[in-house]
Structures are given as structure tokens and as C-alpha cells.
Amino acid sequence: MLYGACCCISFHFLKRFFILIWHPYTQMQTAPHPIQISYGKGAVLYTTEGKELIDAVSSWWVNLHGHAHPYMAQRIYEQAQQLEQVIFAGFTHQPAQTLAARLLRHLPQNQTKVFFSDDGSTAVEVALKMALQYWHNKHTPRTRIVAFENAYHGDTFGAMSVSGRSTFTEPFTPMLFDVTHIAVPTKGNEALALEQLEQCLQTNEVAAFIFEPLVQGTAGMVMYQPETLDAMLALCKKHQVITIADEVMTGFGRTGRLFASHYLQQQPDVFCLSKGLTGGYLPMGITTCAQFIYDAFLSDDRRRALFHGHSYTANSLACAAALASLDLLEDPFTQKQIQHINQQHQQFKTRIAQHPKLADCRITGTIMAIEIATTEQSSYFNHLRDFMYNFCIEQGVLLRPLGNIVYLIPPYCINPQQLERVYEVILLMIEEV
Ligand SMILES: Cc1ncc(COP(=O)(O)O)c(C=O)c1O
């Protein structure tokens, strides 16, 4: 009786909390109650009811080394005892300086300056503002941005503007700035993408070209090869168009190399980083750029400065997390794990390649996407999505299908048995759809 009463109280207590919070990307009227997580360890999340969930999507693509990693926790704790935050205009600190130096060592040689912000969207906003103000400071009227169709660069207004037009952006359409969207150079579309880019470069109005290198995440893990992108970047260089690599999702090992741009011969002028930047422990965004962009802001006139900054710019706890994450990422053990995940994905792909319910299966590095054949068009709102999500959760695996596309982007600490379990659940799920 007493137990029953307690359950009742805690249920109502939780319910009250739930209705206080407006969750992201959630239709609050129809969504089930969110799953309450009490702790995480490695690749596994534990619910308050004691259920285990393998986090096969790295908690929205952020977590690299697993949950509650003792080394990550220790380094953040140590930093918290020194300095948590200081205004970053007129002040600086060691963790930010060390992080800037270490990141630039890993990025292409042309990257020389690091600008801090809060998340992936703000990293993109900063990149766009750098590119547009570059031309403004040069007194050259270039204001047009070129981006890929179905791109996703974030939820703030600039980031939405350069993203593909979709249900996500529809309510805001009149408020978004005009962008030229061109074809993605997926297999069979290489010539079209190049041709469309070449055409819009003729106008001499293009300020910048922004792209997700090799994998378009939210579009449904759409993958393409580096060769055409290289040719597109070369074209942009010829027309002095600033190239912006949005590596918010692809950065920090996801594609098999530290950055997807490491597969390219050309060096993009600007990089947007976030998500795995801090190993998934604290929010932070970074935009890096080439020297020529930075130089265009140097002047005796203060009005030519980059007027952008957030209260938590270069938060020192986030910097400590990013440094700790880089330590773990550079460790040969993690590099081997990245290779093993890719090999295990390849073996699974061979096993399921002929499955009649599959429309496609693709892999880049540690990212695997499985497209389920459907009578509807492949889309975020495909009716299979909810069934697949719920089925996997019931089986103890957190996957968050993009419509009829199920994808894996696991933390690098995932072990072969856990990964095998994820595949097993996907196979069971495919049988059920
Ligand atoms: C390529 C890309 N850019 C930008 C963003 C936005 O990042 P955030 O959600 O941290 O604002 C995302 C998020 O998924 C992304 O995938």
C-alpha cells in the first residue's frame, strides 16, 4: 500500500516536471513521456527504472568517448577549481590558448585563427558573418551564399537560411535570406553539382559556399565522394569565393579521419566545429579561418572588427573538456577503435546487403546509414520512423531514425558485443517493418 502510494507520488511528481519542460523537435501533444535517465557509463545509458540503453547515436552525435568518462570528469573538475569563466573580450586564459594551438595543428595548414562560440549553429553564424563582413570590409558587394540542397546547418536564422528549405524552416520562410541551393554531388549527380556551381559563380556576387563535407547528417546521412567536392572548391578558389566546411557533425573522427576535410586535396577557408569538440561533455562551438579573412578585419577603424560574441565565449570548463577529449582522441587506442567500428560496419553491410527490405546501406568511417524500402518517399516524416524508434528502445538500443533511414554514429568506446547487439536489433526491426 505504502509502496503503491510512493509510486503514485513519484509518477505525479515526474509528470509535473515533464509538463514544465518544452522538449526540442518534439510534438508535445502526442509525444510519449521522455525516458528518464539517471546515469550513463561508457556506451550505455541507464534509466531510473533500471533499463539499459546502448547509445548508438552518441546522444545527438556529441559523445565520443562514452558517458561519465573518469578522465573527462577529472579534467573538468580540476579546471572548475581554477577558473570556470571569464569575460573573453579583453581577457584570455590558458585552456583557450592551448586548445586553439592544438586544434590548428590538426586542421589544414591554411587555418590560422580560432573564434569561440556556443554550439554548432553559432559556429555557422560566425562563419557566415566572417564571410559576409569580409566582403563588406573590402568594399566589394558580394552577398550571395551558395549551399547544398537538403543541407542542415542549424536552427538559428542564418543557419536556417543556408539550410535546405524544409518543414523545419517553413514557418520562417519569409524571414530567411535568399540562398542559392545546388545539387549534392552524390553518385550520378557530380556533373550537375559542378555545373550548377559554375553557373552561379559567373555572377561575381557569391560571397561564400557552405557545405557538410562527405556526409549530410540531418538530410539522412547522405554520402558523397571527395573528388567532386575538391573540383567545386577549386572552382570557388578560382572565383575568390570563401569556402566554409561545416564539420559540426563530421569532425573529430566520425568519417574515419580526424576531419572529413582530410580526404580533400583543397583546403577550405573556414571550419565550423562543435558536437564532438568537447567529447560531448559541454556545449561549445568554434569557427576557424584562414589568415586572409582575419586580415580583412584589421584596421585602425574599430567599426571593421567582427561584432560577435556570446556571454560564455571560450568557457574554460568547455575548453578543458575539449583538451581532455583531444587527449583521448589522439590515443592510438581510440584510433584503433575508429577503425574497428568501420570494419564491423562493413561486415554487417555485407551480411544485410541483399535484404529485400533494404533500399540502401552506406558507410563513411564510423557512420552507417540503413535506408528501409518504403512505398512513401524517403523523408523525416516517414510513417516507419516512430515504429522503428520505439522498437529499438524496447530492445535496449537508442537509435533515432531520420524517417525511414536508421543510422549509427556510436561513441568510439562501444565494444564489439554492444555493436553486434545494435545490428541484431536492427535486423529484428527490419523483419518487423
Ligand atoms: C552539420 C551541422 N551543422 C550545424 C549543426 C547545428 O549544431 P547545434 O545543434 O549544436 O546548434 C548541426 C546539428 O546537427 C549539424 O549537423
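The structure displayed is predicted, hence computed values, not measured ones.

K.L.:
Is there a simple way to think about the packing of helix 3 (residues 70-80) against helix 10 (residues 316-330) in this case?
P.N.:
The relative placement of two packed helices is expressed as an angle between their axes plus a distance between the axes. It is at 9 Å that the axes of helix 3 and helix 10 come closest, and there the two elements cross at 145 degrees. The handedness of the crossing between helix 3 and helix 10 is right-handed. For the pair helix 3 and helix 10, the contacting residues are Tyr-71, Met-72, Arg-75, Ile-76, Gln-79 and Ala-80 in the first and Ser-316, Leu-317, Ala-320, Ala-321, Leu-323, Ala-324, Ser-325 and Leu-328 in the second. Across the contact of helix 3 with helix 10, the residue classes break down as 10 nonpolar, three polar and one charged.

K.L.:
What is the right way to read the pairing of strand 11 (residues 270-273) from this model?
P.N.:
For a regular strand, the rule is simple: side chains alternate between the two faces of the sheet. With burial as the criterion, each face of strand 11 is covered, one bearing Val-270 and Cys-272 and the other bearing Phe-271 and Leu-273. For strand 11 and strand 12 (residues 285-290), the ladder comprises four bridges, and the chain directions are antiparallel. Paired with Val-270 across the strands is Cys-289, a residue of strand 12.

K.L.:
How do you make sense of unusual backbone geometry when you look at a structure like this?
P.N.:
Phi is positive for Asn-204, which is not a glycine, with a value near 60 degrees. Of note, Asn-204 is situated in the loop between helix 7 (190-201) and strand 7 (206-211). Residue classification places Asn-204 among the exposed positions, given that 12 C-beta atoms sit within 10 Å. In this model, Lys-275 sits at a positive phi of 45 degrees, which is unusual for a non-glycine residue. Within the secondary structure, Lys-275 sits in the loop between strand 11 and strand 12. On the basis of neighbour counts, which here come to 29 C-beta atoms within 10 Å, the residue Lys-275 falls in the buried class.

K.L.:
In this structure, what is going on with helix 7? I would like to understand it.
P.N.:
Every α-helix winds through 3.6 residues per turn, so residues three or four apart in the chain are directed the same way. The first and last C-alpha atoms of helix 7 sit 17 Å apart over 12 residues, in line with the 16 Å expected at 1.5 Å per residue. Of all the positions in helix 7, only Ala-193, Leu-197 and Leu-201 are classed as buried. Relative to the axis of helix 7, the buried residues are bounded by an arc of 65 degrees and lie together on one face. In helix 7, the exposed positions angled more than 90 degrees off the buried face are occupied by Ala-191, Glu-195 and Gln-199.

K.L.:
How should the pairing of strand 3 (residues 52-55) be read in this particular structure?
P.N.:
As judged from the three bridges shared by strand 2 (residues 44-47) and strand 3, these two strands associate in the antiparallel manner. Bridging from a neighbouring strand, Leu-45 pairs with Leu-53 of strand 3. Linking strand 2 back to strand 3 in an antiparallel pair, the connection comprises four residues, with Gly-50 at a positive phi of about 90 degrees. As defined by bridge partners, strand 3 adjoins strand 15 (residues 397-398) across two bridges and the pair is classed as parallel. If you follow Asp-55 over to strand 15, its bridge partner there is Leu-398.

K.L.:
Mind showing me how you'd approach the domain arrangement of the protein here?
P.N.:
A common way to express how large an interface is: the accessible area buried when the components associate. Domain annotation of the protein identifies domain 1 (25-55 + 332-432) and domain 2 (72-330). Look at where the C-alpha atoms of domain 1 and domain 2 centre, and you get two points 27 Å apart. Among the residues forming the side of domain 1 that touches domain 2, the class breakdown is nine nonpolar, seven polar and one charged.

K.L.:
Would you mind going over the site of the ligand with me for this structure?
P.N.:
If you check the shell around the ligand, you find 14 residues, and the closest are Asp-119, Gly-120, Ser-121, Gly-154 and Val-248. Take the shell around the ligand: its biggest share by element is three residues, from helix 5 (residues 120-137).

K.L.:
Sorry if this is basic, but what is going on with the nonpolar core here?
P.N.:
Generally speaking, a soluble globular protein has its nonpolar side chains buried in company with each other. Ranked by size, the top nonpolar core spans 115 residues in total, and within it Ala-127, Ala-131, Ile-244 and Tyr-407 carry the most contacts. When residues of this core are assigned to domains, at least three fall in each of domain 1 (25-55 + 332-432) and domain 2 (72-330). When residues no more than four places from it in sequence are discounted, the contact partners of Ala-131 are Ala-207, Ala-208, Ile-242, Ile-244 and Val-270.

K.L.:
Help me out: how do you make sense of the packing of helix 7 against helix 8 (residues 226-238) in this one?
P.N.:
Taken N-terminus to C-terminus, the directions of helix 7 and helix 8 make an angle of 10 degrees; their axes are 10 Å apart at the nearest point. The angle between helix 7 and helix 8 falls in the class roughly parallel. Residues Glu-190, Ala-193, Leu-194, Leu-197, Glu-198 and Leu-201 of helix 7 pack against Thr-228, Ala-231, Met-232 and Leu-235 of helix 8. Of the residues assigned to the contact of helix 7 with helix 8, the class counts are seven nonpolar, one polar and two charged.

K.L.:
Could you clarify how one ought to interpret the sheet that holds strand 7 in this entry?
P.N.:
Strand pairing in a sheet is mediated by backbone hydrogen bonds. Such pairs are either parallel or antiparallel. Taken together, seven strands build an open sheet; the order of strands is 4-12-11-10-7-5-6 and the sheet is mixed. For this open sheet the edge positions go to strand 4 (111-117) and strand 6 (180-182), each flanked by a neighbour on one side alone. Adjacent strand axes in the sheet meet at a mean angle of 20 degrees when their direction is disregarded. In this structure, strand 7 lies alongside strand 10 (residues 242-246), joined through four bridges in parallel fashion.

K.L.:
Looking at this model, I keep getting lost on helix 5. Mind explaining?
P.N.:
Here helix 5 spans 25 Å end to end across 18 residues, near enough to the 26 Å set by a 1.5 Å rise per residue. Within helix 5 the residues assigned to the buried category are Gly-120, Ser-121, Thr-122, Ala-123, Val-124, Glu-125, Val-126, Ala-127, Leu-128, Met-130, Ala-131 and Tyr-134. His-139 occupies a position one or two residues after helix 5 and carries a positive phi of about 55 degrees.

K.L.:
How should I be thinking about the confidence of the model for the protein in this particular structure?
P.N.:
Low pLDDT marks stretches whose predicted atomic positions should not be read closely. Of the residues in the protein, 96% have a pLDDT of 70 or more, and the chain-wide mean is 95. When the criterion is pLDDT under 50, residues 1-8 qualifies, and its contacts beyond four places in sequence or with other chains add up to zero contacts.

K.L.:
Looking at this model, I keep getting lost on the sheet that holds strand 15. Mind explaining?
P.N.:
Spatially, the four strands line up as an open sheet ordered 1-2-3-15, and their pairing is mixed. Each of the sheet's edge strands pairs with one partner strand only, and the pair in question is strand 1 (37-41) and strand 15.

Criteria and thresholds
- Along each chain, residues carry numbers from 1 onward, in the same order as the chain's sequence is written.
- Two thresholds apply to this predicted model, a pLDDT of at least 70 for residue-level local features and 80 or more for giving and counting side-chain atom pairs, whereas whole-chain, interface and lining totals are computed over all residues.
- An axis is simply a line fitted to the C-alpha atoms; with a helix, the fit covers only the stretch in contact. Between two such axes, the angle follows the N-to-C directions and lies from 0 to 180 degrees.
- Numbering of helices and strands runs from the N terminus, with a helix taken as a DSSP run of H or I at least four residues long and a strand as a DSSP run of E at least two residues long.
- Each helix crossing is assigned a hand: it is left-handed if the near helix lies turned anticlockwise from the far helix by less than a right angle, otherwise right-handed if that turn is clockwise.
- Any pair of residues counts as being in contact when their C-beta atoms, constructed from backbone geometry, are within 7 Å of one another.
- Each residue receives one of three labels: charged for Asp, Glu, Lys and Arg, nonpolar for Ala, Val, Leu, Ile, Met, Phe, Trp, Tyr, Cys and Pro, and polar for the others, Gly being one of them.
- Whether a residue is buried, exposed or partly exposed is read from the other C-beta atoms within 10 Å of its own C-beta, which are placed from the backbone; 20 or more gives buried, 12 or fewer gives exposed, and intermediate counts give partly exposed.
- Strands qualify as paired when DSSP identifies two bridges or more between them.
- Any helix carries an expected span of 1.5 Å times its number of residues minus one.
- Directions drawn from the helix axis to the C-beta atoms are what define this arc.
- Domain start and stop points were drawn from an automatic or database domain assignment.
- Whether a residue is near a molecule or strand depends on its C-beta atom, generated from backbone atoms, being within 6 Å of that molecule or strand.
- Think of a nonpolar core as buried Ala, Val, Leu, Ile, Met, Phe, Trp, Tyr and Cys residues, each tied to the set through C-beta atoms within 7 Å.
- Roughly parallel means an angle under 35 degrees; roughly antiparallel, over 145; roughly perpendicular, 65 to 115; everything else is oblique.
- Note on scores: pLDDT gives the predictor's confidence for each residue, bounded by 0 and 100.

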